[in-house]
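Okay, here's what each chain looks like letter by letter:
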Amino acid sequence: NFNTAIAGIVEGDYRRDGKNQLITCSVDGEVRGYSPANKDSSHNLMDNNAEQDLLREMAQRKNNLILELKNYSENTKAGKEVGGLKLSATTDVDGQQMGIIPANTQLQTSLQVTTETDSMPSHVQLLINTTNNTVIKSVMIFAEGIFNGESHVVHPPANNIAAGLSVPIFPPKDVPIDLHVKTFVGHKNSQQYHVFELSRQLPRFTLYIHAPPETPQPKSHVMFLLNERLNRVVMWINQNFLLDEEISADTELDIKLMALRTGSPLFLHMVPGTMTIRCDDIDLVGDVMQALAASLNIENLPSTAHYPAFIDELKDVLIKVDEYHNVRQKLTAEMADHSNLIRSLVVRAEDARLMNDMNSMKQSYLKLFDLNRDLINGYNIRCNNHTELLSCLKIVNQAIQKSGRLRVGRPKTQVVTACRNAIKQNDVEKLFKIIECGGQLQ
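Definitions and limits used
- Residues numbered from 1 in each chain as written.
- Predicted model: local features only at pLDDT ≥ 70, side-chain atom pairs only at ≥ 80, totals over all residues.
- Heavy atoms only, no water.
- Pairing = 2+ DSSP bridges.
- Helix = DSSP H or I, 4+ residues; strand = E, 2+ residues; numbered from the N terminus.
- Buried < 20%, exposed > 50% of the residue type's maximum accessible area, 1.4 Å probe, protein only.
- Polar contact = N/O pair within 3.5 Å; in protein donor to acceptor, adjacent residues only side chain to side chain.
- Expected span 1.5 Å × (residues − 1).
- Contact = heavy atoms within 4.5 Å.
- Phe/Tyr/Trp six-rings, centres within 6.5 Å; stacked < 30°, edge-to-face > 60°.
- Salt bridge = Lys/Arg side-chain N within 4 Å of Asp/Glu carboxyl O.
- pLDDT = per-residue confidence, 0-100.
- Axes fitted to C-alpha atoms, helices over the stretch in contact; angles between N-to-C directions.
- Disulfide = S-S within 2.5 Å.
- Parallel < 35°, antiparallel > 145°, perpendicular 65-115°, else oblique.
- Left-handed = near helix turned anticlockwise from the far one by under 90°.
- Nonpolar A, V, L, I, M, F, W, Y, C, P; charged D, E, K, R; others polar.

### Comments concerning the pairing of strand 3 (residues 31-34)
Pairing analysis gives 4 bridges linking strand 2 (residues 21-26) to strand 3, with the strands arranged antiparallel. Paired with Ile23 across the strands is Gly33, a residue of strand 3. Between the antiparallel neighbours strand 2 and strand 3 lie 4 residues, among them Gly29 with a positive phi of about 95°.

Quick look at the structure:
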(Lines give C-alpha, C1' and ligand atoms only; values in the text may rest on other atoms or scores of the structure.)
Protein backbone atom coordinates (compact mmCIF):
# COMPACT_ATOMS: atom_id res chain seq x y z
CA ASN A 1 0.00 0.00 0.00
CA PHE A 2 1.33 3.41 -0.99
CA ASN A 3 1.30 6.37 1.35
CA THR A 4 0.16 8.65 -1.48
CA ALA A 5 -2.01 8.34 -4.58
CA ILE A 6 -0.88 6.31 -7.59
CA ALA A 7 0.33 8.37 -10.56
CA GLY A 8 0.62 5.57 -13.15
CA ILE A 9 0.87 1.83 -13.79
CA VAL A 10 3.00 0.24 -16.57
CA GLU A 11 4.34 -3.18 -17.49
CA GLY A 12 8.06 -3.78 -18.01
CA ASP A 13 11.22 -5.68 -17.06
CA TYR A 14 11.80 -3.89 -13.78
CA ARG A 15 14.47 -6.29 -12.42
CA ARG A 16 16.25 -6.88 -15.76
CA ASP A 17 15.77 -10.65 -15.51
CA GLY A 18 13.80 -11.14 -18.72
CA LYS A 19 10.38 -11.24 -16.99
CA ASN A 20 7.82 -8.48 -16.98
CA GLN A 21 6.54 -7.03 -13.73
CA LEU A 22 3.79 -4.59 -12.87
CA ILE A 23 5.52 -1.24 -12.19
CA THR A 24 3.62 1.32 -10.12
CA CYS A 25 4.65 4.91 -9.40
CA SER A 26 3.08 7.19 -6.80
CA VAL A 27 2.66 10.97 -7.03
CA ASP A 28 5.65 11.53 -4.71
CA GLY A 29 8.00 9.45 -6.91
CA GLU A 30 7.94 6.11 -5.09
CA VAL A 31 8.26 3.18 -7.54
CA ARG A 32 7.36 -0.44 -6.80
CA GLY A 33 7.37 -3.58 -8.91
CA TYR A 34 5.05 -6.57 -8.54
CA SER A 35 5.61 -10.01 -10.04
CA PRO A 36 2.58 -11.86 -11.45
CA ALA A 37 1.26 -14.70 -9.33
CA ASN A 38 1.28 -18.24 -10.67
CA LYS A 39 -1.87 -20.32 -11.21
CA ASP A 40 -1.83 -21.99 -7.81
CA SER A 41 -1.28 -18.76 -5.92
CA SER A 42 -4.04 -17.04 -7.92
CA HIS A 43 -6.46 -19.75 -6.84
CA ASN A 44 -5.28 -19.28 -3.27
CA LEU A 45 -5.82 -15.52 -3.52
CA MET A 46 -9.35 -16.04 -4.83
CA ASP A 47 -10.01 -18.58 -2.12
CA ASN A 48 -8.69 -16.16 0.49
CA ASN A 49 -11.00 -13.41 -0.79
CA ALA A 50 -13.97 -15.78 -0.73
CA GLU A 51 -13.05 -16.93 2.76
CA GLN A 52 -12.76 -13.33 3.93
CA ASP A 53 -16.16 -12.52 2.49
CA LEU A 54 -17.62 -15.59 4.17
CA LEU A 55 -16.01 -14.67 7.49
CA ARG A 56 -17.34 -11.14 7.19
CA GLU A 57 -20.84 -12.43 6.48
CA MET A 58 -20.68 -14.91 9.36
CA ALA A 59 -19.46 -12.18 11.72
CA GLN A 60 -22.40 -9.98 10.70
CA ARG A 61 -24.82 -12.84 11.31
CA LYS A 62 -23.15 -13.49 14.65
CA ASN A 63 -23.65 -9.89 15.73
CA ASN A 64 -27.29 -9.98 14.66
CA LEU A 65 -27.91 -13.23 16.54
CA ILE A 66 -26.17 -11.88 19.66
CA LEU A 67 -28.37 -8.77 19.55
CA GLU A 68 -31.48 -10.89 19.01
CA LEU A 69 -30.49 -13.22 21.86
CA LYS A 70 -29.96 -10.21 24.12
CA ASN A 71 -33.44 -8.94 23.30
CA TYR A 72 -34.92 -12.37 24.01
CA SER A 73 -33.10 -12.54 27.34
CA GLU A 74 -34.37 -9.13 28.39
CA ASN A 75 -37.90 -10.01 27.31
CA THR A 76 -37.75 -13.31 29.21
CA LYS A 77 -36.49 -11.54 32.31
CA ALA A 78 -39.25 -8.95 32.11
CA GLY A 79 -41.79 -11.71 31.49
CA LYS A 80 -40.73 -13.52 34.65
CA GLU A 81 -41.09 -10.31 36.61
CA VAL A 82 -44.55 -9.78 35.18
CA GLY A 83 -45.39 -13.40 35.93
CA GLY A 84 -45.12 -12.75 39.64
CA LEU A 85 -41.49 -13.07 40.67
CA LYS A 86 -40.93 -9.35 41.22
CA LEU A 87 -44.16 -7.43 41.08
CA SER A 88 -43.94 -3.67 41.44
CA ALA A 89 -45.83 -0.59 40.36
CA THR A 90 -43.82 -0.19 37.16
CA THR A 91 -43.39 -3.86 36.24
CA ASP A 92 -46.33 -4.03 33.82
CA VAL A 93 -45.29 -0.87 32.03
CA ASP A 94 -41.71 -2.12 31.72
CA GLY A 95 -42.97 -5.44 30.34
CA GLN A 96 -45.05 -3.69 27.72
CA GLN A 97 -42.15 -1.48 26.79
CA MET A 98 -40.04 -4.58 26.25
CA GLY A 99 -42.60 -5.78 23.70
CA ILE A 100 -44.02 -8.68 25.70
CA ILE A 101 -47.31 -9.90 24.24
CA PRO A 102 -49.49 -12.86 25.23
CA ALA A 103 -48.35 -16.21 23.88
CA ASN A 104 -51.71 -16.84 22.18
CA THR A 105 -51.54 -13.66 20.10
CA GLN A 106 -52.55 -14.32 16.50
CA LEU A 107 -53.29 -12.30 13.40
CA GLN A 108 -56.53 -12.63 11.48
CA THR A 109 -56.69 -11.41 7.88
CA SER A 110 -59.56 -11.04 5.46
CA LEU A 111 -60.16 -9.58 2.00
CA GLN A 112 -63.14 -7.40 1.22
CA VAL A 113 -64.19 -5.72 -2.02
CA THR A 114 -65.09 -2.03 -1.68
CA THR A 115 -67.02 -0.21 -4.37
CA GLU A 116 -66.11 3.19 -5.75
CA THR A 117 -66.66 6.31 -3.66
CA ASP A 118 -66.16 10.02 -4.28
CA SER A 119 -62.69 9.96 -2.76
CA MET A 120 -61.42 6.51 -3.76
CA PRO A 121 -61.93 4.14 -6.72
CA SER A 122 -62.97 0.52 -6.35
CA HIS A 123 -60.40 -1.53 -4.48
CA VAL A 124 -59.79 -4.53 -2.23
CA GLN A 125 -59.45 -4.00 1.51
CA LEU A 126 -56.92 -6.14 3.35
CA LEU A 127 -58.18 -6.26 6.96
CA ILE A 128 -55.64 -7.26 9.63
CA ASN A 129 -56.68 -7.75 13.28
CA THR A 130 -55.14 -9.16 16.43
CA THR A 131 -56.96 -11.60 18.69
CA ASN A 132 -56.43 -9.64 21.95
CA ASN A 133 -55.71 -6.14 23.24
CA THR A 134 -52.38 -5.82 21.44
CA VAL A 135 -52.07 -3.18 18.73
CA ILE A 136 -50.61 -3.08 15.22
CA LYS A 137 -47.80 -0.56 14.93
CA SER A 138 -47.20 -0.86 11.16
CA VAL A 139 -47.65 -3.20 8.22
CA MET A 140 -45.30 -3.90 5.31
CA ILE A 141 -46.66 -5.60 2.20
CA PHE A 142 -44.48 -7.00 -0.57
CA ALA A 143 -46.14 -7.81 -3.90
CA GLU A 144 -45.31 -7.61 -7.59
CA GLY A 145 -47.19 -5.41 -10.00
CA ILE A 146 -49.48 -3.43 -7.67
CA PHE A 147 -47.13 -1.16 -5.66
CA ASN A 148 -44.45 1.27 -6.74
CA GLY A 149 -41.20 -0.42 -5.86
CA GLU A 150 -43.10 -3.69 -5.22
CA SER A 151 -43.62 -2.78 -1.55
CA HIS A 152 -46.05 -0.76 0.55
CA VAL A 153 -45.77 0.41 4.16
CA VAL A 154 -48.69 1.54 6.33
CA HIS A 155 -47.68 3.38 9.49
CA PRO A 156 -50.69 4.94 11.24
CA PRO A 157 -50.21 7.94 13.57
CA ALA A 158 -49.55 7.23 17.23
CA ASN A 159 -53.03 8.41 18.25
CA ASN A 160 -54.71 6.06 15.71
CA ILE A 161 -52.92 2.83 16.61
CA ALA A 162 -55.46 0.07 17.25
CA ALA A 163 -55.87 -3.70 17.18
CA GLY A 164 -57.02 -3.58 13.55
CA LEU A 165 -55.70 -2.05 10.38
CA SER A 166 -57.12 -1.76 6.87
CA VAL A 167 -54.91 -1.53 3.78
CA PRO A 168 -56.45 -0.61 0.38
CA ILE A 169 -55.10 -2.58 -2.58
CA PHE A 170 -55.70 -1.64 -6.22
CA PRO A 171 -55.09 -4.63 -8.53
CA PRO A 172 -54.37 -3.24 -12.03
CA LYS A 173 -55.26 -6.44 -13.92
CA ASP A 174 -57.03 -9.76 -13.44
CA VAL A 175 -54.04 -11.82 -12.34
CA PRO A 176 -53.39 -13.75 -9.10
CA ILE A 177 -51.11 -11.83 -6.74
CA ASP A 178 -49.15 -13.15 -3.76
CA LEU A 179 -49.08 -10.76 -0.81
CA HIS A 180 -46.26 -11.17 1.69
CA VAL A 181 -47.23 -9.28 4.84
CA LYS A 182 -45.04 -8.34 7.82
CA THR A 183 -46.91 -6.90 10.79
CA PHE A 184 -45.39 -5.21 13.86
CA VAL A 185 -47.45 -6.14 16.92
CA GLY A 186 -47.04 -4.90 20.49
CA HIS A 187 -48.56 -2.47 22.99
CA LYS A 188 -49.16 1.25 22.58
CA ASN A 189 -46.14 2.18 24.70
CA SER A 190 -43.89 -0.62 23.44
CA GLN A 191 -40.40 0.14 22.24
CA GLN A 192 -39.90 -3.32 20.75
CA TYR A 193 -42.40 -5.18 18.58
CA HIS A 194 -42.98 -8.73 17.48
CA VAL A 195 -42.97 -9.27 13.72
CA PHE A 196 -45.66 -11.56 12.36
CA GLU A 197 -45.07 -12.80 8.82
CA LEU A 198 -47.83 -14.27 6.69
CA SER A 199 -48.74 -14.74 3.03
CA ARG A 200 -52.09 -14.15 1.41
CA GLN A 201 -53.06 -14.60 -2.23
CA LEU A 202 -55.41 -12.34 -4.10
CA PRO A 203 -57.63 -14.37 -6.44
CA ARG A 204 -57.37 -13.76 -10.17
CA PHE A 205 -60.72 -11.94 -10.42
CA THR A 206 -60.97 -9.69 -7.37
CA LEU A 207 -62.85 -6.53 -8.33
CA TYR A 208 -66.20 -8.23 -8.99
CA ILE A 209 -69.46 -8.13 -7.09
CA HIS A 210 -72.92 -9.58 -7.58
CA ALA A 211 -74.77 -7.57 -10.21
CA PRO A 212 -77.94 -5.72 -9.17
CA PRO A 213 -81.19 -7.47 -10.14
CA GLU A 214 -82.08 -4.77 -12.69
CA THR A 215 -78.82 -5.21 -14.64
CA PRO A 216 -79.66 -5.79 -18.35
CA GLN A 217 -78.35 -8.87 -20.08
CA PRO A 218 -75.25 -8.26 -22.23
CA LYS A 219 -75.78 -8.46 -25.99
CA SER A 220 -72.58 -10.43 -26.62
CA HIS A 221 -71.84 -13.97 -25.55
CA VAL A 222 -69.62 -17.00 -26.04
CA MET A 223 -70.97 -20.55 -25.96
CA PHE A 224 -68.94 -23.75 -25.81
CA LEU A 225 -69.27 -27.41 -24.88
CA LEU A 226 -67.84 -28.25 -21.46
CA ASN A 227 -67.77 -31.88 -20.42
CA GLU A 228 -67.06 -31.21 -16.78
CA ARG A 229 -69.02 -31.67 -13.60
CA LEU A 230 -70.97 -28.66 -12.47
CA ASN A 231 -69.42 -28.68 -9.00
CA ARG A 232 -65.90 -28.32 -10.49
CA VAL A 233 -66.91 -25.12 -12.26
CA VAL A 234 -68.57 -23.87 -9.06
CA MET A 235 -65.37 -24.65 -7.13
CA TRP A 236 -63.32 -22.75 -9.73
CA ILE A 237 -65.57 -19.69 -9.38
CA ASN A 238 -65.29 -19.74 -5.59
CA GLN A 239 -61.49 -19.98 -5.79
CA ASN A 240 -60.91 -17.36 -8.50
CA PHE A 241 -63.56 -14.73 -7.67
CA LEU A 242 -63.50 -12.72 -4.45
CA LEU A 243 -67.19 -12.83 -3.57
CA ASP A 244 -68.96 -12.11 -0.29
CA GLU A 245 -70.12 -15.70 0.05
CA GLU A 246 -69.49 -18.92 -1.77
CA ILE A 247 -71.95 -19.91 -4.46
CA SER A 248 -73.50 -23.34 -4.92
CA ALA A 249 -75.44 -25.05 -7.70
CA ASP A 250 -77.05 -28.45 -8.09
CA THR A 251 -78.30 -28.88 -11.65
CA GLU A 252 -77.81 -25.44 -13.22
CA LEU A 253 -75.36 -22.58 -12.69
CA ASP A 254 -76.58 -19.03 -13.16
CA ILE A 255 -74.49 -16.25 -11.63
CA LYS A 256 -74.58 -12.55 -12.51
CA LEU A 257 -71.53 -10.44 -11.69
CA MET A 258 -70.42 -6.87 -12.26
CA ALA A 259 -66.82 -5.86 -13.07
CA LEU A 260 -66.01 -2.83 -10.90
CA ARG A 261 -62.96 -1.89 -12.98
CA THR A 262 -64.87 -1.49 -16.27
CA GLY A 263 -68.53 -1.58 -15.19
CA SER A 264 -69.27 -4.48 -17.57
CA PRO A 265 -71.79 -7.11 -16.42
CA LEU A 266 -70.57 -10.71 -16.54
CA PHE A 267 -73.17 -13.49 -16.64
CA LEU A 268 -72.10 -17.12 -16.27
CA HIS A 269 -74.63 -19.81 -17.13
CA MET A 270 -74.04 -23.54 -17.30
CA VAL A 271 -76.13 -26.63 -17.73
CA PRO A 272 -74.52 -30.07 -17.92
CA GLY A 273 -72.46 -30.13 -21.12
CA THR A 274 -72.84 -26.49 -22.21
CA MET A 275 -71.60 -23.20 -20.76
CA THR A 276 -72.42 -19.65 -21.86
CA ILE A 277 -70.52 -16.51 -20.87
CA ARG A 278 -72.35 -13.26 -21.56
CA CYS A 279 -70.30 -10.08 -21.46
CA ASP A 280 -69.70 -7.16 -23.84
CA ASP A 281 -66.01 -6.98 -22.84
CA ILE A 282 -64.24 -9.46 -25.12
CA ASP A 283 -60.97 -9.12 -23.20
CA LEU A 284 -62.65 -10.16 -19.96
CA VAL A 285 -64.32 -13.16 -21.59
CA GLY A 286 -60.97 -14.23 -23.02
CA ASP A 287 -59.35 -14.03 -19.58
CA VAL A 288 -62.18 -16.06 -18.04
CA MET A 289 -61.98 -18.77 -20.72
CA GLN A 290 -58.19 -19.08 -20.51
CA ALA A 291 -58.24 -19.26 -16.71
CA LEU A 292 -61.09 -21.79 -16.68
CA ALA A 293 -59.38 -24.05 -19.23
CA ALA A 294 -56.06 -23.89 -17.37
CA SER A 295 -57.72 -24.77 -14.07
CA LEU A 296 -59.70 -27.69 -15.52
CA ASN A 297 -56.69 -28.93 -17.58
CA ILE A 298 -58.54 -28.54 -20.89
CA GLU A 299 -56.10 -28.59 -23.82
CA ASN A 300 -58.51 -27.87 -26.72
CA LEU A 301 -61.69 -25.87 -26.35
CA PRO A 302 -63.55 -24.51 -29.43
CA SER A 303 -66.40 -22.02 -29.09
CA THR A 304 -68.87 -19.89 -31.00
CA ALA A 305 -68.92 -16.16 -30.33
CA HIS A 306 -71.49 -13.46 -30.96
CA TYR A 307 -70.02 -9.96 -30.68
CA PRO A 308 -71.93 -7.56 -32.97
CA ALA A 309 -70.41 -4.38 -31.53
CA PHE A 310 -66.90 -5.81 -31.80
CA ILE A 311 -67.58 -6.85 -35.43
CA ASP A 312 -68.89 -3.37 -36.28
CA GLU A 313 -65.80 -1.70 -34.81
CA LEU A 314 -63.54 -4.08 -36.72
CA LYS A 315 -65.50 -3.38 -39.92
CA ASP A 316 -64.95 0.38 -39.49
CA VAL A 317 -61.24 -0.18 -38.94
CA LEU A 318 -60.97 -2.32 -42.08
CA ILE A 319 -62.72 0.42 -44.08
CA LYS A 320 -60.14 2.90 -42.79
CA VAL A 321 -57.35 0.48 -43.78
CA ASP A 322 -58.67 0.36 -47.35
CA GLU A 323 -58.89 4.16 -47.45
CA TYR A 324 -55.34 4.54 -46.19
CA HIS A 325 -54.12 2.03 -48.79
CA ASN A 326 -55.84 3.99 -51.56
CA VAL A 327 -54.38 7.28 -50.34
CA ARG A 328 -50.94 5.68 -50.16
CA GLN A 329 -51.16 4.47 -53.77
CA LYS A 330 -52.36 7.89 -54.92
CA LEU A 331 -49.51 9.65 -53.11
CA THR A 332 -47.00 7.22 -54.60
CA ALA A 333 -48.28 7.92 -58.12
CA GLU A 334 -48.12 11.68 -57.56
CA MET A 335 -44.59 11.39 -56.24
CA ALA A 336 -43.57 9.48 -59.39
CA ASP A 337 -45.12 12.17 -61.62
CA HIS A 338 -43.33 14.91 -59.68
CA SER A 339 -40.04 13.06 -60.00
CA ASN A 340 -40.35 12.85 -63.77
CA LEU A 341 -41.25 16.55 -63.97
CA ILE A 342 -38.30 17.45 -61.75
CA ARG A 343 -35.88 15.64 -64.05
CA SER A 344 -37.32 17.50 -67.04
CA LEU A 345 -37.04 20.89 -65.30
CA VAL A 346 -33.47 20.21 -64.21
CA VAL A 347 -32.52 19.51 -67.84
CA ARG A 348 -34.30 22.68 -69.02
CA ALA A 349 -32.62 24.80 -66.38
CA GLU A 350 -29.18 23.42 -67.27
CA ASP A 351 -29.80 24.04 -71.00
CA ALA A 352 -30.90 27.62 -70.28
CA ARG A 353 -27.75 28.20 -68.22
CA LEU A 354 -25.53 26.92 -71.01
CA MET A 355 -27.38 29.14 -73.51
CA ASN A 356 -27.02 32.09 -71.12
CA ASP A 357 -30.85 32.43 -70.99
CA MET A 358 -31.12 33.59 -67.40
CA ASN A 359 -34.87 34.29 -67.49
CA SER A 360 -35.71 30.75 -68.61
CA MET A 361 -33.28 29.30 -66.05
CA LYS A 362 -34.86 31.39 -63.29
CA GLN A 363 -38.37 30.26 -64.25
CA SER A 364 -37.27 26.60 -64.30
CA TYR A 365 -35.71 26.86 -60.84
CA LEU A 366 -38.82 28.59 -59.47
CA LYS A 367 -40.91 25.70 -60.75
CA LEU A 368 -38.41 23.29 -59.17
CA PHE A 369 -38.77 25.13 -55.88
CA ASP A 370 -42.57 24.77 -56.02
CA LEU A 371 -42.32 21.07 -56.93
CA ASN A 372 -39.86 20.48 -54.09
CA ARG A 373 -42.27 22.14 -51.65
CA ASP A 374 -45.11 19.95 -52.97
CA LEU A 375 -42.93 16.85 -52.57
CA ILE A 376 -42.15 17.77 -48.96
CA ASN A 377 -45.84 18.33 -48.19
CA GLY A 378 -46.71 15.07 -49.91
CA TYR A 379 -44.03 13.28 -47.90
CA ASN A 380 -45.46 14.62 -44.63
CA ILE A 381 -48.95 13.53 -45.68
CA ARG A 382 -47.60 10.11 -46.61
CA CYS A 383 -45.83 9.76 -43.23
CA ASN A 384 -49.03 10.65 -41.37
CA ASN A 385 -50.99 8.26 -43.56
CA HIS A 386 -48.43 5.51 -42.88
CA THR A 387 -48.66 6.11 -39.10
CA GLU A 388 -52.45 5.93 -39.17
CA LEU A 389 -52.29 2.79 -41.33
CA LEU A 390 -49.94 1.09 -38.87
CA SER A 391 -52.19 1.97 -35.93
CA CYS A 392 -55.21 0.51 -37.76
CA LEU A 393 -53.29 -2.65 -38.67
CA LYS A 394 -52.27 -2.95 -35.03
CA ILE A 395 -55.94 -2.75 -34.00
CA VAL A 396 -56.79 -5.48 -36.56
CA ASN A 397 -54.02 -7.72 -35.21
CA GLN A 398 -55.22 -7.16 -31.64
CA ALA A 399 -58.77 -8.03 -32.72
CA ILE A 400 -57.51 -11.30 -34.19
CA GLN A 401 -55.67 -12.11 -30.96
CA LYS A 402 -58.75 -11.28 -28.89
CA SER A 403 -60.92 -13.56 -31.02
CA GLY A 404 -58.30 -16.28 -30.66
CA ARG A 405 -58.40 -16.00 -26.86
CA LEU A 406 -62.05 -17.06 -27.01
CA ARG A 407 -60.69 -20.53 -27.81
CA VAL A 408 -58.05 -22.73 -26.22
CA GLY A 409 -55.32 -24.85 -27.72
CA ARG A 410 -55.52 -25.96 -31.35
CA PRO A 411 -58.80 -24.08 -32.07
CA LYS A 412 -57.12 -20.88 -30.93
CA THR A 413 -54.24 -21.38 -33.39
CA GLN A 414 -56.67 -22.24 -36.18
CA VAL A 415 -58.67 -19.05 -35.63
CA VAL A 416 -55.59 -16.81 -35.71
CA THR A 417 -54.23 -18.49 -38.86
CA ALA A 418 -57.59 -18.45 -40.65
CA CYS A 419 -58.18 -14.76 -39.82
CA ARG A 420 -54.80 -13.77 -41.24
CA ASN A 421 -55.42 -15.79 -44.39
CA ALA A 422 -58.80 -14.08 -44.82
CA ILE A 423 -57.15 -10.66 -44.51
CA LYS A 424 -54.54 -11.62 -47.11
CA GLN A 425 -57.38 -12.68 -49.44
CA ASN A 426 -59.26 -9.44 -48.62
CA ASP A 427 -62.31 -11.53 -47.72
CA VAL A 428 -63.97 -9.51 -44.96
CA GLU A 429 -67.13 -11.63 -44.69
CA LYS A 430 -65.07 -14.77 -44.24
CA LEU A 431 -63.07 -13.01 -41.52
CA PHE A 432 -66.22 -12.18 -39.56
CA LYS A 433 -67.53 -15.75 -39.89
CA ILE A 434 -64.22 -17.14 -38.61
CA ILE A 435 -64.36 -14.83 -35.58
CA GLU A 436 -67.88 -16.01 -34.78
CA CYS A 437 -67.68 -19.72 -35.60
CA GLY A 438 -63.99 -20.63 -35.35
CA GLY A 439 -61.14 -21.57 -37.65
CA GLN A 440 -62.71 -24.67 -39.18
CA LEU A 441 -64.12 -22.49 -41.99
CA GLN A 442 -60.74 -21.99 -43.66
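So that's the structure; there's more coming.
### Brief notes about the side chain of Ser220
Considering the arrangement of structural elements, one finds Ser220 in the loop between strand 11 (208-210) and strand 12 (221-226). Classification of Ser220 by relative accessible area gives buried; the value is 2%.

### Quick notes on the environment of Ser391
Mapped onto the fold, Ser391 is located in helix 6 (residues 358-404). Sequence separation between Ser391 and Asn359 is 32 residues, and the spatial gap between their C-alpha atoms is 48 Å. Polar contacts involving the side chain of Ser391 include one to the main-chain carbonyl oxygen of Glu388, which spans 2.6 Å.

### A short note on helix 5 (residues 308-354)
A rise of 1.5 Å per residue sets the reference length of helix 5, with its 47 residues, at 69 Å; its end C-alpha atoms lie 69 Å apart and thus fit the reference within 8%. Those residues of helix 5 lying buried are Phe310, Ile311, Leu314, Val317, Leu318, Val321, Tyr324, Leu331, Leu345, Ala349 and Ala352. On its buried side, helix 5 packs onto helix 4 (282-295), helix 6 and helix 8 (428-437). Phi turns positive, to about 60°, at Asn356, one or two residues after helix 5.

### Let's talk about the packing of aromatic side chains
Scanning the model with the defined rule gives 5 aromatic pairs in all. With centroids separated by 5.9 Å and ring planes inclined at 80°, the aromatic side chains of Trp236 and Phe241 adopt a geometry described as edge-to-face. Each of the two residues, Trp236 as well as Phe241, counts as buried. Of the aromatic side chains, those joined through ring pairs into one cluster are Phe205, Tyr208, Trp236 and Phe241.

### Some details on the pattern of salt bridges
Summed over all chains, the structure comprises 10 salt bridges. The residue Asp174 makes a salt bridge to Arg261 at a minimum N-O spacing of 3.0 Å. Taken together, the residues Asp174 in the loop between strand 8 (164-169) and strand 9 (177-186) and Arg261 in the loop between strand 13 (253-259) and strand 14 (265-271) connect sequence positions 87 residues apart. Exposure remark for Asp174: the relative accessible area of 11% places this residue in the buried category.

### Description of the confidence of the model for the protein
Taken as a whole, the protein shows an average pLDDT of 85; of its residues, 91% reach a score of 70 or greater. A low-confidence stretch, residues 82-93 stays under pLDDT 50, and its non-local contacts, those more than four residues away or across chains, total 9 contacts.

### Regarding the sheet that holds strand 1 (residues 6-12)
Taken in spatial order, the 3 strands line up as 1-2-3 in an open sheet, and their pairing is antiparallel. Two strands bound the open sheet, and with one partner strand each, they are strand 1 and strand 3. Here the average twist between neighbouring strands, direction ignored, is 20°.

### Looking at the state of the cysteines
Taken as a whole and judged by the stated rule, the model has 0 disulfides. Left unpaired, Cys383 is separated from the closest cysteine sulfur, that of Cys392, by 16 Å. Accessibility expressed as a relative area gives 28% for Cys383, which makes it partly exposed.

### Considering the side chain of Ser122
Note that Ser122 resides in the loop between strand 4 (107-114) and strand 5 (123-130). Look at Ser122 and you get buried, because its relative accessible area is 11%. Excluding residues that lie within four positions of it along the chain, Ser122 makes contacts with Thr114, Thr115, Glu116, Phe170, Leu207 and Leu260.

### So, the packing of helix 5 against helix 8
Two elements in contact, helix 5 and helix 8, have axes whose closest approach is 11 Å; the angle formed by their N-to-C orientations is 150°. By the angle class used here, helix 5 and helix 8 are roughly antiparallel. For the crossing formed where helix 5 meets helix 8, the hand is right-handed. Taking contact as the criterion, the partners of Phe310, Ile311, Leu314, Lys315 and Leu318 in helix 5 are, on helix 8, Val428, Leu431, Phe432, Ile435 and Glu436. Residues that form the contact of helix 5 with helix 8 fall into these classes: 8 nonpolar, no polar and 2 charged.

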